[in-house]
Every structure is written in structure tokens, then in C-alpha cells.
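Spelled out, the chains give:
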Amino acid sequence: PNDVYVTRKTHFKAQLERCLKLISSSGNYREIHIYGMGSALQRAINLALQFQLKTNCQLQTNTSSVEITDHLMPLLDDLQPSNETRWVSTIHIV
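Residues numbered from 1 in each chain as written. Predicted model: local features only at pLDDT ≥ 70, side-chain atom pairs only at ≥ 80, totals over all residues. Heavy atoms only, no water.

Novice: Help me understand the confidence of the model for the protein, please; the structure alone is not making it clear to me.
Specialist: Should pLDDT be low for a region, the predicted coordinates there are not to be read in detail. Per-residue confidence for the protein gives a mean pLDDT of 90; residues scoring 70 or more make up 98%. Taken element by element, the protein is modelled with least confidence in helix α1 (residues 12–23), mean pLDDT 91, and with most confidence in strand β2 (residues 33–37), mean pLDDT 95. (pLDDT = per-residue confidence, 0-100. Helix = DSSP H or I, 4+ residues; strand = E, 2+ residues; numbered from the N terminus.)

Novice: Teacher, can you tell me more about the state of the cysteines here?
Specialist: Covalent bonding between the sulfur atoms of two cysteines is what defines a disulfide. Taken as a whole, this structure holds zero disulfides when the rule is applied. Of all cysteine sulfurs, the one in C57 lies closest to C19, which takes part in no disulfide; the gap is 9.5 Å. On the basis of relative accessible area, C19 is assigned to the buried category, the value being 0%. Relative accessible area serves as the criterion here: at 22%, C57 is assigned to the partly exposed category. (Disulfide = S-S within 2.5 Å. Buried < 20%, exposed > 50% of the residue type's maximum accessible area, 1.4 Å probe, protein only.)

Novice: Just checking my understanding: could you explain α1 for this structure?
Specialist: Because an α-helix completes one turn every 3.6 residues, residues spaced three or four positions apart along the sequence face the same direction. End to end, α1 covers 17 Å across 12 residues, agreeing with the expected 16 Å (1.5 Å per residue, within 8%). Each element contacted by the buried residues of α1 is listed here: β1 (3–5), β2 and α2 (41–55). (Expected span 1.5 Å × (residues − 1). Contact = heavy atoms within 4.5 Å.)

Novice: Is there a simple way to explain the pairing of β2 in this structure?
Specialist: Working note: regular strand, side chains alternate between the two faces of the sheet. As judged from the three bridges shared by β1 and β2, these two strands associate in the parallel manner. Paired with V4 across the strands is I34, a residue of β2. Pairing of β2 with strand β4 (residues 82–93) involves four bridges; the strand directions are antiparallel. Bridged to Y35 within β4 is H92. (Pairing = 2+ DSSP bridges.)

Novice: Any chance you could explain the environment of T90 here in plain terms?
Specialist: Looking at the secondary structure, you find T90 in strand β4. For the pair T90 and P74, spaced 16 residues apart in sequence, the C-alpha separation works out to 29 Å. Those residues in contact with T90 that lie beyond four places of it in its chain are G36, M37, L41, N62, T63, S64, S65 and V66. At a separation of 2.6 Å, a polar atom in the side chain of T90 contacts the side chain of S64. (Polar contact = N/O pair within 3.5 Å; in protein donor to acceptor, adjacent residues only side chain to side chain.)

Novice: Got a minute to help me understand the packing of aromatic side chains in this structure?
Specialist: Aromatic rings in a pair are described by how distant their centres are and how their planes are angled relative to each other. Under the counting rule described, the total for this entry stands at one aromatic pair. Consider the rings of Y5 and Y35, whose centres lie 4.9 Å apart with planes at 15°: the pair is stacked. Taken as a pair, Y5 in strand β1 and Y35 in strand β2 lie far apart in primary sequence, 30 residues in all. A relative accessible area of 55% places Y5 in the exposed class. (Phe/Tyr/Trp six-rings, centres within 6.5 Å; stacked < 30°, edge-to-face > 60°.)

Listed below in C-alpha cells is the structure:
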């Protein structure tokens, strides 16, 4: 319940308000966890920094990479389906 998963599609202000609500007296949490992956890394970092400015809290950041597999289905019947593996960067901010 105190995890915030950052995507590029979610409205930034809504994510920031959710973080502030979780840490306020109505949310009753002492810490929140912000997660970002791939192209959402910069947005997760920005969210954490804006949250830090508004709350004066300390941040702890962990980065890693995860291996993902893309399952590609061809649009033409003559081609075969394929699986492509790649590494994606992730971030976890507490």
C-alpha cells in the first residue's frame, strides 16, 4: 500500500499527491517506496526529489538491472514468432 510505481503515462502531479498523502497523518506511513523502470527512471527520480523538497525527508536510492524477454508475434503468416532478451535499468527509492 505504500509503494508507488512510476510510469510515463501516469500524471506526475497525481503521483506526487499520492506520495504526500501516504506520508501525511491520513496515510499513516513512515516511509514510501518509489519504483521506476526503463524509460520511467528519470520521472521516478524527479518525483522523489520533488517529494523530498516538500517533506524534508531523506532518500535512499538503489539501482539495478533486470533481464526481460520480449515475445514478438509477427503480423505476417510467413514469419516465425521470436523472443528477444534485453536488460532494463530499474530504480528503487525509499
